[in-house]
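Listed below are the residues making up each chain.
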Amino acid sequence: MTVLFDNTLTRKEKLSSQYYLNTHSPFPFMITVRKTLEEWFTHYPLEQKKEFLSRFRKDNASHSGALLELATHEILRRYAGRVSVEDVLPSGNRPDFHICNPDGKHIWVECTVAQRSSEFIGAIATARRLREIVNLMDSRPFGFSWMLLGHSTEADPRESKLKQSIEKFVLELSNRDVCRPDQKGRIVGRFEWEDRGWRIRFKALYLPGRDRDAPTIVVDEGENAGVNDENEGWMGNDIQKLRSVLEYKANQLKSANGTCIIVISHSDLILDNTGEVFAGALFAHPDSSGEHRPFYGSVERPSHQHISGVLYIPWVKAHMFCSRETPWYYVPHPWSESPLKQGIFPFAVQGSLNTEGNFRWDAPLCTPNEYLVLPSNWPGIPKPQF
């Protein structure tokens, strides 16, 4: 029997860390999640299961994409009954799904998950490595604060140069009249280190009596150059990033004979789960340079009219498909050449333009739990205790 979650597999088999955590999580609600996803997987075509499993377990990026496809397949199955996987378009492209609605209309569906670039992931690793190098240094009697001011995705900084600069700075401080009782705990020096596009600001604090093995960085002012796990500078580039991913997928669907829908998400939590970023990618005005047109364009100059609509869920996690924190959003293309008359995603918050051209959200007609025939509290995550 082919299963999604195989707990006999180990990390040594180069599994996605997210897959490994989902498989081995002992939380009762994750047991419910695994059971539900296993049931959904039984509905997936047999001939595609092997390839799907490979992506589901491969790495975090592939795992997120496969998760979104599995949920989308189940949503479409509830809507249309039969779902074809990777049917071929005249261009040779293979959209993820193809269905016929109750009116016999062909609908092509492409799923996509916006990911961090490999370059950015490398920058995060480099920033952490630099910080660890500083932490392992003996800087007594001083501790340091750390603030990353700039980073580069094109070149790595020289670690030896960083160590030499820290050692030189500590020596200079030791030769100055800063090690006095009245300076204990105070900032006694500052310097900025720069190499190959990387810039770090250090502040030295006089901390007599520090243990030799204590970390050198005593105040972490954050990986401020956008290099961090929680937010890779997304809020500064979020609209353009979503728009770029949508445009790429729309171009792959151009040769489809019928209605096209894009299902999009991203694999990293962002600070806005209200749909504002999503609506901005579809309808926001161009920037000051006149570039980056809205994905849907405007009434005067509509774009991507072969797309009927876009379905969006802010965050792909195995237990989040029915979450109130990350609801689904659906916005039909107001100027599509192939619109869908009936609501295909009644569980999603519906976005539209009113007669004045202003954007508005309307409440969903049902919950994702109801649509997917799941218990109302699925997956049973305990409510926080206050």
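This one's a predicted model, so the numbers in the text were calculated from it and none came from an experiment.

**Q** Help me understand the nonpolar core in this model?
**A** Ranked by size, the top nonpolar core spans 51 residues in total, and within it Leu4, Leu37, Ile261, Trp328, Phe345 and Phe347 carry the most contacts. Contributing elements (two or more residues each) for this core: α2 (28-42), α3 (46-58), α4 (60-80), β2 (97-100), β3 (106-114) and β8 (259-266). Among the elements that line this core, the one with the most residues is α4, at eight residues.

**Q** Hey, could you run me through the pattern of salt bridges in this one?
**A** Side chains bearing opposite charge may pair, as long as their charged atoms lie close to each other. Here the structure, examined in full by the defined rule, presents 16 salt bridges. When the shortest N-O distance is used, the salt bridge between Glu51 and Arg55 registers 2.7 Å. Linking Glu51 with Arg55, this pair stays in helix α3, spanning four residues, or about one helical turn. What makes Glu51 partly exposed here is its relative accessible area of 39%. For Glu159, the salt bridge is made with Arg129, and the minimal N-O distance between the two is 2.4 Å. Of this pair, Glu159 sits in helix α6 (residues 159-174) while Arg129 sits in helix α5 (residues 118-135), and the two are 30 residues apart along the sequence. Relative accessible area serves as the criterion here: at 29%, Glu159 is assigned to the partly exposed category. For Arg129, a relative accessible area of 33% puts it in the partly exposed group. Within the structure, one salt-bridge network assembled from shared partners comprises Glu51, Arg55 and Glu69.

Basis of the calculations
- Residues numbered from 1 in each chain as written.
- Predicted model: local features only at pLDDT ≥ 70, side-chain atom pairs only at ≥ 80, totals over all residues.
- Heavy atoms only, no water.
- Core = buried A, V, L, I, M, F, W, Y, C linked by side-chain atoms within 4.5 Å.
- Buried < 20%, exposed > 50% of the residue type's maximum accessible area, 1.4 Å probe, protein only.
- Helix = DSSP H or I, 4+ residues; strand = E, 2+ residues; numbered from the N terminus.
- Salt bridge = Lys/Arg side-chain N within 4 Å of Asp/Glu carboxyl O.

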